[in-house]
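What the coordinates show
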Amino acid sequence: MNVIYPLAVPKGRRLCCEVCEAPAERVCGACTVTYYCGVVHQRADWGSIHEKICQLLIPLRTSMPFYNSEEERQHGLQQLQQRQKHLIELCYTVAQKYIFEGKHEDAVPAALHSLRFRMNVHGLSSVELVPAYLLLAEASLGLGRVVQAEEYLSQAQWTVLKSTECSYAIHSLLHRNLGLLYMAKENYDEARYHLANDIYFASCAFGTEHIRASGGYFHLANIFNGLKKLDLADTLYTKVSEIWNKYLNDHYQVLSQARIQQIDLLGKRFETDTGLDGQTETEESKRFGQCCEKFRSLASPMGFPGDTNDEAQEAEAIQILTSILNVRESTSNKAPQKTIFVLKILFMLYFLMMNSSKAKEYALRALHLAKKQKLSVQEQDTIQGLLNLISVKEAQPIT
């Protein structure tokens, strides 16, 4: 049974709901260390994040075992802290991904978990709490809860003001969320001020052409587009597209090169195995194994092996680029090249994500538009080359 019996709870201990902190009436039957006020919040937390971290919570929320020495105790504390830091990043990334996908209700429990783990590790006034506050603010804005979003942003601002070690990256995130708040309140002058600051701080932290700066440009473009200042919006949408094109193209080229090398080594290995080549099998097998390992590492989402932010980054790219595509398609008769440019970027994105069907879909749409608008043969051949790459990949899968 998942119901909590009051007589079974130790005197003086207060069990709170994981989502709303109201008195708990239910407990998770799998981990037995997470409590809820009712079925609704239990299901919400399970669908958002709890299913992913259920078993990971047990060592964090149960008493530490008895250690025979101080050295073992310190080692146990270090392991506990490492688990908490891992959960901070995992919950934050999951919440980010939900927000980029427009699933704001699902983002709230994951962001709350990230906030609580940050409090446990860094304390109640650390600047490390700010990213979680900002996620909760953005999720609240997506749900239309402007007052609640303002409360989270006030917490974030106050924490930043008290800190002497706040990074440019956190300043950037704070100003971006303030910009989104004022956009929701239709105060576009304040929104533009904060988004300009977002771009400034992101550029200081990562560079003007980094994808972390593209979000500020994108939201600023949305403001100008809504105000019918289409020339300014067009310039900013182009800027965002160029940033993502460069970023994805760099990884696309590396991945394609690794794939060509592996195919070449497959051929050489065949020659060796059939006795058609004089090289030793051991040497060729070693080179083949090294190339396979390199390809597998590069073939992880977005080309970043082991990066916990991959899924959130992919979701952000999809959100931004599909939004720009919708804008471009509404004016594709006037500037088809800009629409095709975005379609080719989306091809690279899904190719890197190993989603051949979606990559092929965007390449076909680009080719169809190029033919419809009677663009140059060179442009059509370039797009056809992308389709051929997908065909080769499907015909010769690399394992």
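Structure's up top.
Described below are features of the structure shown in this document. Since the structure is predicted, the reported quantities are computational estimates derived from the model, not experimental observations. (Residues numbered from 1 in each chain as written. Predicted model: local features only at pLDDT ≥ 70, side-chain atom pairs only at ≥ 80, totals over all residues. Heavy atoms only, no water.)

Turning our eyes to something else, we now look at the overall build of the protein. Secondary structure assignment for the protein yields 14 helices and two strands. Expressed as a percentage of its 399 residues, the buried residues of the protein come to 43%. Once local pairs closer than 6 in sequence are excluded, the contacts in the protein between residues at least 24 apart make up 59%. Counting only carbon and sulfur atoms, one obtains 52% of the accessible surface of the protein, whose full area is about 21,000 Å². (Helix = DSSP H or I, 4+ residues; strand = E, 2+ residues; numbered from the N terminus. Buried < 20%, exposed > 50% of the residue type's maximum accessible area, 1.4 Å probe, protein only. Contact = heavy atoms within 4.5 Å. Areas by Shrake-Rupley, 256 points an atom, 1.4 Å probe, with all protein chains shown as cover.)

Looking now at helix α7 (residues 188-206). In this model, α7 (19 residues) spans 26 Å end to end at C-alpha, consistent with the 27 Å of a helix rising 1.5 Å per residue. Listed in full, the buried residues belonging to α7 are A191, H194, L195, N197, D198, I199, F201, A202 and S203. Elements that come into contact with the buried residues of α7 comprise α6 (168-184) and α8 (211-226). In the stretch just after α7, G207 is the one whose phi turns positive, near 110°. (Expected span 1.5 Å × (residues − 1).)

Under the definition given, this model contains 18 salt bridges. D198 is the salt-bridge partner of R176, the closest N and O atoms lying 2.8 Å from each other. Of the two residues, R176 sits in helix α6 while D198 sits in helix α7, which places them 22 residues apart along the sequence. One salt bridge in this structure joins E329 and R365, with 2.6 Å as the shortest N-O distance. On the criterion of sequence distance, the pair formed by E329 in helix α11 (residues 310-329) and R365 in helix α13 (residues 356-372) is long-range, its members being 36 residues apart. Beyond isolated ion pairs, a larger network of salt bridges with shared partners links E18, E21, R61 and R116. (Salt bridge = Lys/Arg side-chain N within 4 Å of Asp/Glu carboxyl O.)

So, on to the packing of helix α5 (residues 146-162) against α6. Packing of α5 against α6 leaves a shortest axis separation of 11 Å and a crossing angle of 155°. Classed by the angle they form, the pair α5 and α6 counts as roughly antiparallel. Judged by the twist between their axes, the crossing of α5 over α6 is left-handed. Residues V146, E150, L153, A156, Q157 and V160 of α5 pack against I170, H171, L174, N177, L178 and L181 of α6. In the contact of α5 with α6, the residues fall into eight nonpolar, three polar and one charged. (Axes fitted to C-alpha atoms, helices over the stretch in contact; angles between N-to-C directions. Parallel < 35°, antiparallel > 145°, perpendicular 65-115°, else oblique. Left-handed = near helix turned anticlockwise from the far one by under 90°. Nonpolar A, V, L, I, M, F, W, Y, C, P; charged D, E, K, R; others polar.)

For the rest of this paragraph, the subject is unusual backbone geometry. Although it is not a glycine, K228 sits at a positive phi angle of roughly 65°. Along the chain, the position of K228 falls in the loop between α8 and α9 (230-273). For K228, a relative accessible area of 66% corresponds to the exposed category. Phi at K374 takes a positive value of approximately 55°, unusual for a residue other than glycine. Tracing the backbone through its elements, the reader meets K374 in the loop between α13 and α14 (377-395).

Moving on to the packing of aromatic side chains. One pass over the full model with this rule turns up six aromatic pairs. When the ring of Y200 is compared with that of F201, the centres are 5.1 Å apart and the planes differ by 70°; the resulting orientation is edge-to-face. Judged by its relative accessible area of 13%, F201 is buried. Residues W244 and Y247 carry aromatic rings whose centres are separated by 5.8 Å and whose planes lie at 85° to one another, so their mutual orientation is edge-to-face. Taken together, the positions of W244 and Y247, both in helix α9 and three residues apart, correspond to about one turn of that helix. Y247 matches W244 in its accessibility class, with the two residues each being buried. Feature note: the residues Y168, Y200 and F201 constitute an aromatic cluster, connected by ring pairs. When the ring centre of Y92 is taken as origin, the NZ or CZ atom of R118, which lies over that ring, is 5.1 Å away. (Phe/Tyr/Trp six-rings, centres within 6.5 Å; stacked < 30°, edge-to-face > 60°. Lys NZ or Arg CZ within 6 Å of the ring centre and 35° of its normal.)

Grouped together as the largest cluster of nonpolar side chains are 50 residues, with contacts concentrated most on F117, V130, L136, L153 and L174. Broken down by secondary-structure element, the contributors of at least two residues to this core are α1 (39-53), α2 (70-100), α3 (104-122), α4 (130-142), α5 and α6. Apart from the residues lying within four places of it in its own chain, the contact partners of L153 are L134, A137, L174, N177, L178 and L181. Counting 49 residues, the second-largest nonpolar core is a separate cluster that includes A191, A202, L321 and A366. (Core = buried A, V, L, I, M, F, W, Y, C linked by side-chain atoms within 4.5 Å.)

This paragraph deals with the environment of K229. Tracing the sequence through the fold places K229 in the loop between α8 and α9. For K229, a relative accessible area of 37% translates into the label partly exposed. K229 has contacts with R192 and F224, leaving out every residue within four places of it along the chain.

Taking the largest bend as the criterion, α1 deviates by roughly 65°, centred on W46. If you check which residues of α1 are buried, you get Q42, D45, S48, I49, H50 and I53. Summarising the contacts, the buried residues of α1 are in contact with β1 (26-27), β2 (35-36), α2 and α3. (Bend = angle between axes of the 7 residues up to and from the residue.)

Running from N to C, α2 and α11 cross one another at 15°; their axes reach a closest spacing of 8 Å. Judged on the interaxial angle alone, α11 and α2 are roughly parallel. For the pair α2 and α11, the sense of crossing is left-handed. Between α2, through T93, Q96, K97 and F100, and α11, the contact on the second element is made entirely by E311, A312, A315, E316 and Q319. Considering only residue class, the contact of α2 with α11 consists of three nonpolar, three polar and three charged.

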